[in-house]
Every structure is written in C-alpha cells, then in structure tokens.
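Per-entry structural report
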Amino acid sequence: MSPVSNEGRLKVERLKTGLRMGGPINGSMSATVASGASGYQQLFTEVLKEYKKRTGKDPTGHALVAQLRDCVSPDDVTALLRKQAEEIDEAHRASWRGQLSERIAPIARVIRPLCDAAGKAAGLGFKPGEAIFGGIGIILAVPENHVKNHRALLQWFEQMGRCLRRLEILIVPGDVLFDDTMTEIVVGILMELIRILAILSQKIGIIDGWIPKAKRRFKKGIAALSGDDDIGNALRKLDRLTKEENLMVTALASRDIAIVKREQERQERMQQAGRYRTWLSVPNCSTNQVIASEARHSDTSMWLVRGDLYEAWRRGGALLWITGKPGAGKTVHCSTVINDLESLLRCGGSQAALAYFYCDFRDTQKQSYRSLLSSLLVDLSTQSDASDNMLRELYSKHGDGSRDPTDDDLAQCLKGMLRQSGGTQYIVVDALDEMPNYGLSSSRRKTLGLVKDLIDLGLP
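So, a few notes on the structure that sits alongside this text. Just so we're clear, the structure is a prediction, and the values are computed from it rather than from any experiment.

Observations regarding the pattern of salt bridges
- Throughout the structure, instances matching the rule amount to 19 salt bridges.
- In this structure, Arg 269 and Asp 385 form a salt bridge, with 2.2 Å as the shortest nitrogen-oxygen distance. Placement of the pair is Arg 269 in helix 10 (residues 245–280) and Asp 385 in helix 16 (residues 385–397), with a sequence separation of 116 residues.
- Glu 311 is the partner of Arg 314 in a salt bridge, and the nearest nitrogen-oxygen pair spans 2.9 Å. Taken together, the residues Arg 314 and Glu 311, both in helix 13 (residues 308–314) and three residues apart, mark about one turn of the helix.
- Via salt bridges that share partners, Glu 50, Arg 54, Glu 192, Arg 195 and Lys 237 belong to a single interconnected network.

Some words on the side chain of Ser 371
- Locating Ser 371 in the fold gives a position in helix 15 (residues 369–381).
- Setting aside residues no more than four positions away along its own chain, Ser 371 makes contact with Pro 283, Phe 357 and Gln 365.

Looking at unusual backbone geometry
- Even without glycine at this site, Ser 281 takes up a positive phi of about 50°.
- For Ser 281, the position within the fold is in the loop between helix 10 and helix 11 (286–294).
- Phi is positive for Asp 400, which is not a glycine, with a value near 50°.

Quick word on the side chain of Lys 415
- Assignment of secondary structure puts Lys 415 in helix 17 (residues 407–420).
- What makes Lys 415 buried here is its relative accessible area of 10%.
- Discounting chain neighbours no more than four positions away, the residues touching Lys 415 are Leu 450, Asp 453, Leu 454 and Leu 457.

Considerations on the environment of Cys 334
- Its place among the elements puts Cys 334 in helix 14 (residues 330–346).
- Given a relative accessible area of 0%, Cys 334 falls into the buried group.

Quick word on the packing of helix 16 against helix 17
- Contact geometry for helix 16 and helix 17: axes closest at 9 Å, N-to-C directions at 155°. One finds that helix 16 runs roughly antiparallel with respect to helix 17. Like other packed secondary-structure pairs, helix 16 and helix 17 cross with a definite hand, here right-handed. Two secondary-structure elements touch here, helix 16 through Ala 386, Ser 387, Met 390, Leu 391 and Leu 394 and helix 17 through Asp 409, Leu 410, Cys 413, Gly 416, Met 417 and Gln 420.

Brief notes about the packing of helix 17 against helix 18 (residues 443–456)
- At a minimum axis distance of 11 Å, the contact between helix 17 and helix 18 shows a crossing angle of 30°. Relative to helix 18, helix 17 is oriented roughly parallel. Crossing of helix 17 against helix 18: the hand is right-handed. Within the contact between the two elements, helix 17 uses Asp 407, Leu 414, Lys 415 and Leu 418 and helix 18 uses Lys 446, Leu 450, Asp 453 and Leu 454.
- Grouping the constituent residues of the contact of helix 17 with helix 18 by class yields four nonpolar, no polar and four charged.

Each value, and the rule that gives it
- Residues numbered from 1 in each chain as written.
- Predicted model: local features only at pLDDT ≥ 70, side-chain atom pairs only at ≥ 80, totals over all residues.
- Heavy atoms only, no water.
- Salt bridge = Lys/Arg side-chain N within 4 Å of Asp/Glu carboxyl O.
- Helix = DSSP H or I, 4+ residues; strand = E, 2+ residues; numbered from the N terminus.
- Contact = heavy atoms within 4.5 Å.
- Buried < 20%, exposed > 50% of the residue type's maximum accessible area, 1.4 Å probe, protein only.
- Axes fitted to C-alpha atoms, helices over the stretch in contact; angles between N-to-C directions.
- Parallel < 35°, antiparallel > 145°, perpendicular 65-115°, else oblique.
- Left-handed = near helix turned anticlockwise from the far one by under 90°.
- Nonpolar A, V, L, I, M, F, W, Y, C, P; charged D, E, K, R; others polar.

Written out as structure tokens, the structure is:
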C-alpha cells in the first residue's frame, strides 16, 4: 500500500473484486467439550424460543445483525447502533433514541468482546451477540407512538450498563480471558440479558399483529415501566449475577492464571518467530515504520484514515490500491495507516491481525518477493496460534530450518493462514514500485500475481 500526501495528487481505488483478509464479527465455532457445547446450544435455543414467544420476533434476523458482521471492534458496533438511532430520530423528529444509544455504548464495549470469547468457548460462535444486538436494534426501531415513557426505558438501559461494566474485569487489552467456569457464568449472564431485552420489547408492544387490546395493555403498563415487576425482577437477577462474590473471585483467579499462561505462550511464540526469521532471512521492516512515523507531522494523512473510502476498506472492503508521484510522502502515509490499524488491534475484542512490508530501493533485501512473503508469514505467526502452527509445520517439513522452502511453499503457507483465519487479516505493503521489474519472473510481477491469487481466493 502506498498512500500519498494530499487528495489532489492521489488516485485511490477500492477494487470490488472481493479481497477480504479474514472473517466478520461472528467468531468461529468451538468444539471444546462436546457435552458442554451441546448444553450451551440447548440453553441458547430455549432462550431464543422464549424471546420469540414473548415478542413474535427473531432478534437474530434483524437487519442490524447483517451489518454487525462487518464490524471489527466494539467501537464499530457502537457507531453502528448510534447511526441507526440518529437515522430513526431524524425520521421521527425525536431525540430519545440518541440518548438511548449513549446508554448502549458502554454495553456494546463490554458485550462485544465477551460474546466473542464466551460464544467461541461455548461452541455458539457470535450467536448470543447477534441476539443481543438484534434485540437492541428492535427496541431502537419501535414506532414513536408506542413509546410513552422514554425516561424509564433510558433508566433500564443505564442500569443494565452499570451491571455489565462490572464484567470489564474479564477484559484485558487485546484479549478476553476465560476458563470453563467463567464461560459458564458469562454465558448465563448473556442469556439473562437476552431475556431482559425480550421483556422490554414485549412491554413496549413490539409484537407482530398489533391489536387494540394489546395496545391498551401496553399503554397501561408502559406508564409505570420503571416499576414493572417483570423487568425489575429480571434486572435484579442480572445485578445479582454480575456482582456475586463468586464471580469476582473466579474472575480474578481465572484472569491471573490466563495472564500467566498467555505470557508463557507469547514468549514461546516470539522465540519461535526468532528461529523463523533466521531460517527465512527476514528483513526488519519495523525500522522503516519507526523512521516514517517520526517524520510525520501531527495532522498528516488524517484526511486519509478518517475518509469514507478507507473506513469502508478497514471495516471489510476488498483491495485498497493507492498511487502517487515519487517523493509525495506515500511512505509517511503508509506508516499512519499501520499505526491506525495497530490502535484498532490494541482495543481488544477482535481476532484481527496485521502484517506489513516496506519495499526499499536502498536495501536489496527489501526488494524481493521472497522477503515479502517471509516477512508477512512471520508477522502473522506471532499473532495467532493457528498461523503459528501452519508455519511451524512448514519449518518442521524442512528439517527444522535446515533446508530452504521454495517461494511457492511460502505462498501456499500464506494462503493457508488467510483461509483458516477466524478474524480480519490486514496486509499493508508500501512502495511496490521500488521492487525490481526486469525479467519475466521479476519480484514485482510475482507480487502482483500474489495479489491476484489472494483476490481469487474469494475469502468471506
């Protein structure tokens, strides 16, 4: 990728052929313990059946759910919910939905990573998250004349937020730490949250085949929504579940154990990455990143990373191709894109990964197709067990690094990593024009061929 210095001197194209590194918001299914996974699935099915019985709606079928699959961070989810609230507010000339979206924001920041982790551990994928956010979307879309007590509704969501913020203890930067006990506790909390949304939806009359009798019941009940026994009991149960001493003690113990385990795994992975770098003679592109970042002024390239085209690509676009004249500052802008993506990855709750490569006419090692492949492979291997296992297998097949792999071996390994990924994989390449372009099998030709091959994979 090679950004340029200003909008008047660049050409940016979002190629719609569909290169998309990785998957959407919904996590991959897990098969940890067969009996446990089966039990969680049965529990989720029953809770979803109860929701449908109360409201006549399927929250997982809400239009918002499809858009959620393109979200890669909790902030993306919050922005999507806020946008829906603002659009409905504008149509109805009301402001309470905007206030509601503010109450939902802290809920989204907690629920998104927890649903990713608990859903995966329980073998449910992101289904609980789809039901929760779909249920919120249903409430946001309720007709204006059906909501008579906005203040009570806002209070209930504020109370839910206070309860759920206690679960932030389970979240650390870049990850959510779970064991079997915490999975059971958190899945129970998520199921209770779906039940609360069902009761709220029922109380505001979100029922198919609306009839006058139901409307009269609604008007009578909504006037005293803040004192409703069903909702009050459900929220008191959520409060109890999220502040039980057992939850905090278990969370702290699980967190400590998981942090130690994760640090051990990280150190082992980094040691193995060092062996890979020696084996494949991987150049150090972080030096280019540091130099380019330090050369950047505070507002440089903000127009790029805050632009709609870049945002569409970041949230699930295809191939973003940027060109500009030599010396226009493309490398500085590329470093800004990398910094922006690294910030996204640090926010947590996402299985995304980032790999980058700087082509450099001053360094022959950073001009070859083989170096690009090697660098991308090692970068991705440090961020995912599955990717590390694939490169480890290639390493083992070549005598634990005693024999060199072919370029095709490396390319196939990269494609395999991208195919099996459970999250979005960002690949950024700067200054492709600084790769040699002489001969039928030049590094530049091979790299362009690789880009085409990745597009042709048709990754979801």
